[in-house]
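Letter by letter, the chains look like this.
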There are 2 protein chains.
Amino acid sequence: MPQPIQAVEFTPEHGETPQCESHCPVHLNQIRQLQPEMLPLERAQQMAEFFGALADPTRLRLLSVLATQELCVCDLATALKMSESAVSHQLRVLRSQRLVKYRKEGRNVHYSLADSHVINLYREATEHLDEAD
Amino acid sequence: MPQPIQAVEFTPEHGETPQCESHCPVHLNQIRQLQPEMLPLERAQQMAEFFGALADPTRLRLLSVLATQELCVCDLATALKMSESAVSHQLRVLRSQRLVKYRKEGRNVHYSLADSHVINLYREATEHLDEAD
DNA sequence: TCTATACTTGAATAACTATTCATATATTTG
DNA sequence: CAAATATATGAATAGTTATTCAAGTATAGA
């Protein structure tokens, strides 16, 4: 896994006493060596929020139609048969994770996909799901 | 976006009346044409569940240490400084989405990453997050 | 077979999240 | 400026989820 980590908060005072007995394959020293590989909590939280933005059917449907063209909120609401308010709330989540970008034009706000990562993540997930469930 | 969709439940009876006025860029006919591009609800839910499995700091940390080596539950618990029960519950979520696989050996259960999609998704997310926040 | 260990699981609780409803802001048009 | 439209937002509610605790299963060894 990438992200070989910077700050690790591994304190020898508490917690790392292994519950495993001696026959367990990995022991204290090795677990200590695992720490540098482990995603630091803060980064893990940031990343979880990002994946969280993708973890909702409504938001995924919004992204799927935005993949075809730029659309304003009321068109998105119409296409998904949802209230504009609900769509707007979800677009805010997508914006907060920079999954979509927007462009104001008069009273309309046109949304579109932010970058290619969105498509790539979508594709990876699709491939994974299509492999023998 | 991939996944050009199979069944679309677009019924002309209700919902698709456009809230947008005539100056809105996309009209009813075009919105109707959007439907085939839209992720069907069932697939969207399936995909949301998958991303949901990645949307938790604990599970991402588990994956990050499993990326370095196969590990048993008690070692994972020790490394993350969490109860074995909590870790086991989270591993169940990862298993349910086939993000990890496991191997029983005596009383230990050794977990490892399921396939390369995990790494790819991790990398895409990392790259996205590292771009100008 | 009895005990200990590794892991799993169900129920309960606390924290989080999606939608609705009401309201607010901004822009266009009369 | 007033009215209408497009979007955004705050509060409330209902549904979801992560962790804990207690109990359960399975395997190994005495």
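Note that the coordinates shown come from a computational prediction; the quantities given were computed from them, not determined experimentally. (Residues numbered from 1 in each chain as written. Chains lettered and ligands numbered in written order. Predicted model: local features only at pLDDT ≥ 70, side-chain atom pairs only at ≥ 80, totals over all residues. Heavy atoms only, no water.)

### Observations concerning the nonpolar core
Stage number 1. Counting residues in each nonpolar core, the largest one holds 70 residues, and the members touching the most others are A:Phe51, A:Leu54, A:Leu76, B:Phe51, B:Leu54 and B:Leu76.
Stage number 2. The residues contacting B:Leu76, other than those within four sequence positions of it, are B:Leu62, B:Val65, B:Leu66, B:Leu71, B:Val87, B:Leu91 and B:Tyr111. (Core = buried A, V, L, I, M, F, W, Y, C linked by side-chain atoms within 4.5 Å. Buried < 20%, exposed > 50% of the residue type's maximum accessible area, 1.4 Å probe, protein only. Contact = heavy atoms within 4.5 Å.)

### Some remarks on the pattern of salt bridges
Oppositely charged side chains can pair when the atoms bearing their charge come close.
Stage number 1. A complete count under the given rule lists ten salt bridges over all chains for this structure.
Stage number 2. Between B:Glu70 and B:Arg103 there is a salt bridge, and its shortest N-O distance comes to 2.6 Å. Of this pair, B:Glu70 sits in the loop between helix H3 (57-66) and strand S1 (71-72) while B:Arg103 sits in strand S2 (residues 100-105), placing them 33 residues apart in sequence.
Stage number 3. The exposure class of B:Glu70 is partly exposed, given its relative accessible area of 33%.
Stage number 4. The shortest N-O distance in the salt bridge between B:Arg123 and B:Glu124 comes to 3.8 Å.
Stage number 5. One continuous salt-bridge network, built from bridges that share partners, spans A:Glu70, A:Arg103 and A:Glu105. (Salt bridge = Lys/Arg side-chain N within 4 Å of Asp/Glu carboxyl O. Helix = DSSP H or I, 4+ residues; strand = E, 2+ residues; numbered from the N terminus.)

### Here's the deal with the sheet that holds strand S1 (residues 71-72) of chain A
Residues and elements named next belong to chain A.
Stage number 1. Spatial ordering of the open sheet is given by S1-S3-S2, a layout of three strands whose pairing is antiparallel. Lying at the two open borders of the sheet, with one neighbouring strand each, are S1 and strand S2 (100-105).
Stage number 2. By the bridge criterion, six bridges tie S2 to strand S3 (residues 108-113) in an arrangement that is antiparallel. The residue of S3 that forms the bridge with Arg103 is His110.
Stage number 3. Lying on the sheet, helix H3 (residues 57-66) is in contact with S1, S2 and S3; it crosses S3 at an angle near 90 degrees.
Stage number 4. Helix-sheet contacts for helix H5 (residues 84-96) involve S2 and S3, and the interaxial angle to S2 is about 120 degrees. (Pairing = 2+ DSSP bridges. Axes fitted to C-alpha atoms, helices over the stretch in contact; angles between N-to-C directions.)

### Quick word on the packing of H3(A) against helix H2 (residues 41-53) of chain B
Stage number 1. Where H3(A) contacts H2(B), the two axes come as close as 8 Å, and the packing angle between them is 115 degrees. Comparing the axis directions of H3(A) and H2(B) gives the class roughly perpendicular. Considering how the two elements wind past one another, H3(A) and H2(B) form a crossing that is right-handed. Seen from H3(A), the contacting residues are A:Pro57, A:Leu60 and A:Arg61; seen from H2(B), they are B:Leu41, B:Ala44, B:Gln45, B:Met47, B:Ala48 and B:Phe51.
Stage number 2. Along the lines of polarity and charge, the residues of the contact of H3(A) with H2(B) split into seven nonpolar, one polar and one charged. (Parallel < 35°, antiparallel > 145°, perpendicular 65-115°, else oblique. Left-handed = near helix turned anticlockwise from the far one by under 90°. Nonpolar A, V, L, I, M, F, W, Y, C, P; charged D, E, K, R; others polar.)

### Things to note about the protein's contact with DNA strand D
Stage number 1. The environment of DNA strand D is formed by 28 residues, the closest being A:Cys74, A:Ser85, A:Tyr111, B:Ser85 and B:Gln90.
Stage number 2. In the interface set of DNA strand D, defined as its atoms within 4 Å of the protein, sugar plus phosphate atoms amount to 69%.
Stage number 3. Elements represented by at least two residues in the surface near DNA strand D include exactly helix H4 (73-80), H5 and S3 of chain A together with H3 and helix H5 (84-96) of chain B.
Stage number 4. Considering every element that reaches the surface near DNA strand D, the biggest residue donor is H5(A), with six residues. (Near = heavy atom within 4 Å.)

### Side note on the protein's contact with DNA strand C
Stage number 1. Close to DNA strand C lie 29 residues, the nearest being A:Gln90, B:Cys74, B:Ser85, B:His89 and B:Tyr111.
Stage number 2. Atoms of DNA strand C within 4 Å of the protein belong to the sugar or the phosphate in 70% of instances, the rest to bases.
Stage number 3. Measuring from a base oxygen of DNA strand C, one finds a side-chain N or O atom of A:His89 at 3.1 Å.
Stage number 4. Here B:Arg107 contributes a side-chain N or O atom positioned 3.0 Å from a sugar or linking oxygen of DNA strand C.
Stage number 5. Listed by contribution, the elements that provide at least two residues to the surface near DNA strand C are H3 and H5 of chain A together with helix H4 (73-80), H5 and strand S3 (108-113) of chain B.
Stage number 6. Counting residues per element, the surface near DNA strand C draws most heavily on H5(B), which supplies six residues. (Polar contact = N/O pair within 3.5 Å; in protein donor to acceptor, adjacent residues only side chain to side chain.)

### Focus on the sheet that holds S3(B)
Stage number 1. Here three strands make up an open sheet; going across it, the order is S1-S3-S2 (chain B) and the pairing antiparallel. On the outer flanks of this sheet lie S1 and S2 of chain B, each paired with one strand and no other.

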